[in-house]
Each structure stands twice: as C-alpha cells, then as structure tokens.
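Residue-level structural notes
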Amino acid sequence: MMSDVAASGSGDVSGRGREKFPRSLHLLRHADFAQVYERGRRHFAADATVFYLARADGGPRIGFTVPKALGGAVERNRIRRRLREAVRLSQPTRLGAVDVVINPKKSALTAEFAELKKEIARAFEVIKGKGSKVS
C-alpha cells in the first residue's frame, strides 16, 4: 500500500532532501545576458569564463550559457546541472547586486566536481573583490 505522501504526489518520495537553485538567483532575459556580455567584465578560469556586471540594486542573478559545441542536449544539461549545484554551494547571495553569466569550456565535461566548485567559488571571490569597481 502506498503512503499518503506518495499517493498525493507531493513530497520527495526518494527520501533525499533536495535544495534547489532559488528562482530569485536566475538571470533569464536575453537582454540581460546581452548587457552582461557587452558592458561587463570577465574572469577566466580553467573550466569556464565568468562574465559579470554590477547593478544598482537587488541581489545577484546568475545565468548559464552552454554552447552546442560542448555536445548534445544530454551533455549540455549535465554541465548546466553541475554548474548550478556548484553555484548553489558557493553561496552567491554574498555577491551583492551583480549579474553573472557562466560560460563553461569543453574541459568542464570531464572536470572533477570539487575542482569545478572551487573555480566557481574563486570567481565569486574575484567578483566580490571588484564589486565596487565594476560599472
């Protein structure tokens, strides 16, 4: 017999608690991505290029661009999920009002997650350190 939670379709029946990448941290609009690329600065890491642009107010917003050159949809979605988790664990809320776009390189396909997480955290440190200088 099914439990009430499983029967209702709500809750996590796998038994694992899941934390999500908050929707408030998503950079979604094409115009916002274009503005970050055109007016923002860059931070180069081994497995990704991080573009960032300060804003007047609000919290950080983070977007991901995974080019088709990195593989099919399955590979690109896997990279995006790994990057999203690395960002979530790096506590981006401390960045302040900044838009960030993360563009992974081919090496992100085979990179260890711990290394990917360390690179994202380092990029956030650089962005935070240059936060008042970005315009």
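In every chain, residue numbers begin from 1 and rise along the written sequence. Side-chain atom pairs in this predicted model are given and counted only at pLDDT of 80 or more, local residue features only at pLDDT of at least 70, and totals for whole chains, interfaces and linings cover all residues. Values reported for side chains reflect all heavy atoms of the structure, with hydrogen atoms and water molecules removed beforehand.

1. Examining helix 3 (residues 73–89)
Counted at 1.5 Å a residue, the expected span for helix 3 with its 17 residues is 24 Å, and the 24 Å between its end C-alpha atoms agrees. With a 1.4 Å probe rolled over the protein chains alone, any residue whose accessible area is under 20% of its type maximum counts as buried; one over 50% counts as exposed, and the rest are partly exposed. Every helix listed is a DSSP run of H or I at least four residues long, and every strand listed is a run of E at least two residues long, numbered separately from the N terminus. Every buried residue belonging to helix 3 is among Arg76, Ile79, Arg82, Leu83, Ala86 and Val87, and all of these are buried. Angularly, the buried residues of helix 3 cover 135° about the axis, an arc narrow enough to put them on a single face. What makes two residues a contact is simply this: any of their non-hydrogen atoms within 4.5 Å. Considering only its buried residues, helix 3 is in contact with strand 3 (61–64), strand 4 (98–104) and helix 4 (113–129). To estimate how far a helix should extend, the number of its residues minus one is multiplied by 1.5 Å. Here the arc refers to the set of directions running from the helix axis out to each C-beta atom.

2. Thoughts on the packing of helix 3 against helix 4
Every axis in this analysis is a line fitted to C-alpha atoms, fitted for helices over the stretch in contact. Angles between the N-to-C directions lie between 0 and 180 degrees. The N-to-C vectors of helix 3 and helix 4 enclose an angle of 55°; their axes lie 9 Å apart at closest approach. If you check the angle between helix 3 and helix 4, you find them oblique. Here helix 3 and helix 4 pass one another in a crossing that is right-handed. Contact with helix 3, carried on its side by Arg82, Leu83, Glu85, Ala86, Val87 and Leu89, involves Phe113, Leu116, Lys117, Ile120 and Phe124 of helix 4 and no other residues of that element. Note that the term roughly parallel is reserved for angles under 35 degrees, roughly antiparallel for angles over 145, roughly perpendicular for angles of 65 to 115, and oblique for everything else. Take the far helix as the reference: if the near one is turned anticlockwise from it by less than a right angle, the crossing is left-handed, and if turned clockwise, right-handed.

3. Thoughts on the environment of Arg84
In this fold, Arg84 is placed in helix 3. Along the primary structure Arg84 and Ile62 are separated by 22 residues, whereas in three dimensions their C-alpha atoms are 9.1 Å apart. Setting aside chain neighbours within four positions, we find Arg84 in contact with Phe21 and Phe64.

4. Here's the deal with the packing of aromatic side chains
Aromatic pairing here means that ring centres of Phe, Tyr or Trp (its six-membered ring) are within 6.5 Å. Orientation follows from the plane angle: under 30 degrees is stacked, over 60 is edge-to-face, and everything else is tilted. Counted by the stated rule, this structure contains one aromatic pair. Both rings, one in Tyr37 and one in Phe51, keep their centres 4.7 Å apart while their planes meet at 80°; by these two values the pair is edge-to-face. Here Phe51 lies in strand 2 (residues 48–54) and Tyr37 lies in helix 2 (residues 30–39), a separation of 14 residues in the sequence.

5. Concerning the pattern of salt bridges
Criterion for a salt bridge: a side-chain nitrogen of Lys or Arg within 4 Å of a carboxyl oxygen of Asp or Glu. Counted by the stated rule, this structure contains seven salt bridges. We note a salt bridge from Asp99 to Arg55, for which the minimum N-O separation is 2.8 Å. One end of the pair, Asp99, is in strand 4; the other, Arg55, is in the loop between strand 2 and strand 3, with 44 residues separating them in the sequence. Between Glu125 and Arg122 there is a salt bridge, with the nearest N and O atoms lying 3.5 Å from each other. Of the two residues, Glu125 and Arg122 both sit in helix 4, three residues apart, roughly one turn of that helix. With relative accessibility at 51%, the residue Glu125 sits in the exposed group. By relative accessible area, Arg122 is classed as partly exposed at 46%. Taken together, the shared-partner salt bridges connect Arg29, Asp32, Arg55, Arg61 and Asp99 into one network.

6. Regarding helix 4
The end-to-end C-alpha distance of helix 4, which contains 17 residues, comes to 24 Å, matching closely the 24 Å that a straight helix rising 1.5 Å per residue would cover. For helix 4, the set of buried residues is Leu116, Glu119, Ile120, Ala123, Phe124, Val126 and Ile127. For helix 4, the angular spread of buried residues about the axis comes to 160°, placing them on one side. Projecting away from the buried face of helix 4 at angles above 90 degrees are the exposed residues Ala114, Lys118, Glu125, Lys128 and Gly129. Buried residues along helix 4 sit against strand 1 (41–44), strand 2, strand 3, helix 3 and strand 4.

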